Amino acid sequence: MPALPAAVPLSWYLTLSAFLFVLGVAGFLFRRNIITVFMSIELMLNAVNLTFITFSYKLQQVDGHIFSFFVMVVAAAEAAVGLAIILTVFKNRQTLEIDELDSLKN
Amino acid sequence: MDALLFMIFAAIAAVCGINLVIQKHAISSALSLVGVMAALAALYLLLGGEFIAAAQLVVYAGAIMVLFVFVIMLLNAGVERTTRRRPWAQYAGVPLLLVLFGTVALLVQEISPAGDNVIFGEFTKGTPLDVGRALFTTYLLPFEVTSVLILIAILGAIVLARKEID
Amino acid sequence: MNFLLLTVIKAALVAFILLTALAYVQWLERKVLAHIQLRVGPRRVGPHGLLQPLADVVKLITKEDMIPSHVNKVFYLLAPFLAVMFALIPIAVIPFGTDITIGPIHTNMELADLNIGVLFILGITGMGVYGVALSGWASNNKYALLGGLRSSAQMISYELPMAMAIATPLLVLNTLSFRQLVNSQDGFILGFIPRWTIFQGPFPFLIVAFIIFMIAAFAETNRIPFDLPEAENELVAGFHTEYGSMKFAAFFMAEYCNMITVCCVATLLFLGGWHPIFPAEYGSRFIPSLIFVGAAAICFMHAANPSRRLDKFTLPVVGVVALGIAGIFMVPILATALLPIFWFSAKVIVILFVYIWVRGTLPRFRYDQLMRFAWTFLFPIAIINLFLVGLWVALT
């Protein structure tokens, strides 16, 4: 078993971020519960945030932190409105499965 | 020490992320996401982002996810049902995702030069002071616009929550 | 490796003292509450019930640990862990006194001196809601669910005024590290008024911030008058209805631990941390000795005419111990190390006493009153307060 390096290469952080992003995509595509789909989007946003912070470290500038701060704020707004929509949908349709919300089809 | 800490928190983030996707119950997924966010906060600290790590805990894990858990508890919708999928999607989905991950990972390995290491304490511009200064000088206009966005979101949430749709 | 060893020792010490303190805060609460209600409180186990916490712990550990059949097992078992974990973590960044030097070792009186300590505490306490919410949901019981839902809503609502109130002293003192916060509260205005945050800056605003912080803290820790999540006359026992033995004790511990954390934060942010209440020239360093001598005198007085047979022996022993502590505070070398800790603990205990006092005095809010109070009164006041202080800071 190889010994752990003293410091972590930058690419490991980016790879982790890519992994989390792909997981988010997987959740978004595979899951049928609207709340889980929503959470997968949040996971993707988090993965992108990690990339921002990593590049901020690489460039020695604080701008990446500001971007992820804005992502957080937008995510908060999105969660508030999105969950309100989900609540309304559930009130009217008694379901959270996205496959059953197809009244605009046909 | 750096590598060890990275390994631990990256493993937590990865395992929780996988758990988010494979769990059948929404509340398990929500808690997994909280785990991912907490682990990411620790990774931000390793990268020198003190303020953003705290914001991650306060805003993401402490507020947004509580909202999710709250809604899941309120609706109490139970376990997700597996619905019929198109056969090609069933078999091609996971390999395609692996291809996506492989491509991105390969690209990352290609473009990032070797010997570009993350050393804890090398980046000291992530303090609340620096973030605040950047936020209120260079990024003042976006900041104000986001405050308007938040206001609109509050209004939207209230209208949606109150209105009875027939 | 020396650093690691030192940290482990400190962590063990803090954990030991904290867990003992938790048990005795509970004793204090029962005793003070009893005296407010003209009862005597725990009295059978040990002198004045001093060993009651020990008996309680033994009772809770040896009780049958049962899991109701209708619960969601994983989350049912996870919830108390989460509650205790998020209650214990914040203690790590709280400094209890100035630096101390024992022989070659020089160390801070806290586990970690973060320069974002305040933000860290805000983040971790914000996560505490998961323990309560999950326990309510996993219990699969309508009372527990209602308690959990109420608690989530209450904690989210009161976190906002609390954050605003915390931001006020940070604006004035211009730092996020607890150690620097306390250091900038050193000294005295006009030679006798301590430069604590509540006496600094634009005069009434920081006191208003302190009051808002305390009200929000009562709500955050689910205490009377805001203990809606466990209002027993409507919700049985709220979110921990289905919990017994050590799992119940875990929630109990988390509640008291949160109380202690909040009291520590209030002390550090607003009440000058470990700085004495009046200058050393006027003799503030004799206060601890005086208090312990007084305690010893009361012990001896009660031992002279004992109300129980054993008091003749136990009370003099307690008195002698108190005299010994008084003596320790008179030794100059030890006193310099112990005085900060004494002042810090004294302030924390006073705020804890206020907690219990309020519990003995005020009735419970109704749920809609609780929410209306947070959103239409406390939050606007906190924002206006923060705005005015910000204006003052900007102008000076």
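The structure this text deals with has already been given above.
Residues numbered from 1 in each chain as written. Chains lettered and ligands numbered in written order. Predicted model: local features only at pLDDT ≥ 70, side-chain atom pairs only at ≥ 80, totals over all residues. Heavy atoms only, no water.

A. Structural view of the overall build of chain A. The secondary structure content of chain A amounts to three helices and one strand. Starting at the N terminus and walking to the C terminus, you meet the elements of chain A as β-α-α-α. Against the globule reference of 13 Å for 106 residues, chain A gives a C-alpha radius of gyration of 18 Å, more extended than a compact globule. Seen through its C-alpha atoms, chain A measures out along the principal axes to roughly 55 × 35 × 20 Å. Residues counted as buried form 57% of the 106 residues belonging to chain A. (Helix = DSSP H or I, 4+ residues; strand = E, 2+ residues; numbered from the N terminus. Rg over C-alpha atoms; globule rule 2.2 N^0.38 Å. Buried < 20%, exposed > 50% of the residue type's maximum accessible area, 1.4 Å probe, protein only.)

B. Inspection of the arrangement of the chains at higher detail. Ranking by contact count across two pairs of chains in contact places chains A and B at the top. There is no contact between chain A and chain C; across them, the least C-alpha separation is 13 Å. (Contact = heavy atoms within 4.5 Å.)

C. Representation of the packing of aromatic side chains in the model. Inspection of the entire model under this criterion finds 26 aromatic pairs over all chains. Residues A:Trp12 and B:Phe6 carry aromatic rings whose centres are separated by 6.0 Å and whose planes lie at 40 degrees to one another, so their mutual orientation is tilted. Taken together, the residues span two chains, with A:Trp12 in helix H1 (residues 10–30) and B:Phe6 in helix H1 (residues 2–22). On the basis of an interplanar angle of 45 degrees and a centroid distance of 6.0 Å, the ring pair of A:Phe69 and B:Phe51 is categorised as tilted. (Phe/Tyr/Trp six-rings, centres within 6.5 Å; stacked < 30°, edge-to-face > 60°.)

D. Structural view of the interface of chain C and chain B. Opposite the 23 residues of chain C that make contact, chain B presents 20 residues. Counting each side, the surface lost to burial between chain C and chain B is near 1,900 Å², with a carbon and sulfur contribution of 82%. Sorting the residues of chain C by area buried against chain B places C:Tyr130, C:Trp137 and C:Leu149 first, and these three jointly supply 31% of that buried surface. Linking chain C to chain B there are zero salt bridges. For the pair chain C and chain B, the number of links is two residue pairs in polar contact (both at pLDDT 80 or more). When contributions to the side of chain C that touches chain B are tallied by element, the ones reaching two or more residues are helix H3 (73–88), helix H4 (117–127), helix H5 (129–138) and helix H6 (142–173) of chain C. When residues in the side of chain C that touches chain B are grouped by element, the largest group, seven residues, is from H6(C). (Buried area = accessible area lost by both parts, 1.4 Å probe. Salt bridge = Lys/Arg side-chain N within 4 Å of Asp/Glu carboxyl O. Polar contact = N/O pair within 3.5 Å; in protein donor to acceptor, adjacent residues only side chain to side chain.)

E. Region of interest: the interface of chain A and chain B. Contact residues are listed per partner, giving 74 residues for chain A and 82 residues for chain B. Roughly 7,200 Å² is buried in total at the junction of chain A and chain B, and carbon and sulfur atoms are behind 75% of that figure. Looking only at chain A, the three residues that lose the most surface to chain B are A:Met39, A:Tyr57 and A:Met72, adding up to 10% of its buried area. Remark: the boundary between chain A and chain B carries zero salt bridges. Between chain A and chain B we count nine residue pairs in polar contact (both at pLDDT 80 or more) in total. Elements that contribute at least two residues to the side of chain A that touches chain B include exactly strand E1 (8–9), H1, helix H2 (34–59) and helix H3 (63–93) of chain A. Among the elements that make up the side of chain A that touches chain B, the one with the highest residue count is H3(A) (26 residues). Broken down by class, the residue content of the side of chain A that touches chain B amounts to 49 nonpolar, 16 polar and nine charged. Strand direction decides the pairing type here: E1(A) and strand E1 (residues 117–118) of chain B, joined by two bridges, are antiparallel. Its bridge partner being in E1(B), A:Val8 is matched across the sheet by B:Val118. (Nonpolar A, V, L, I, M, F, W, Y, C, P; charged D, E, K, R; others polar. Pairing = 2+ DSSP bridges.)

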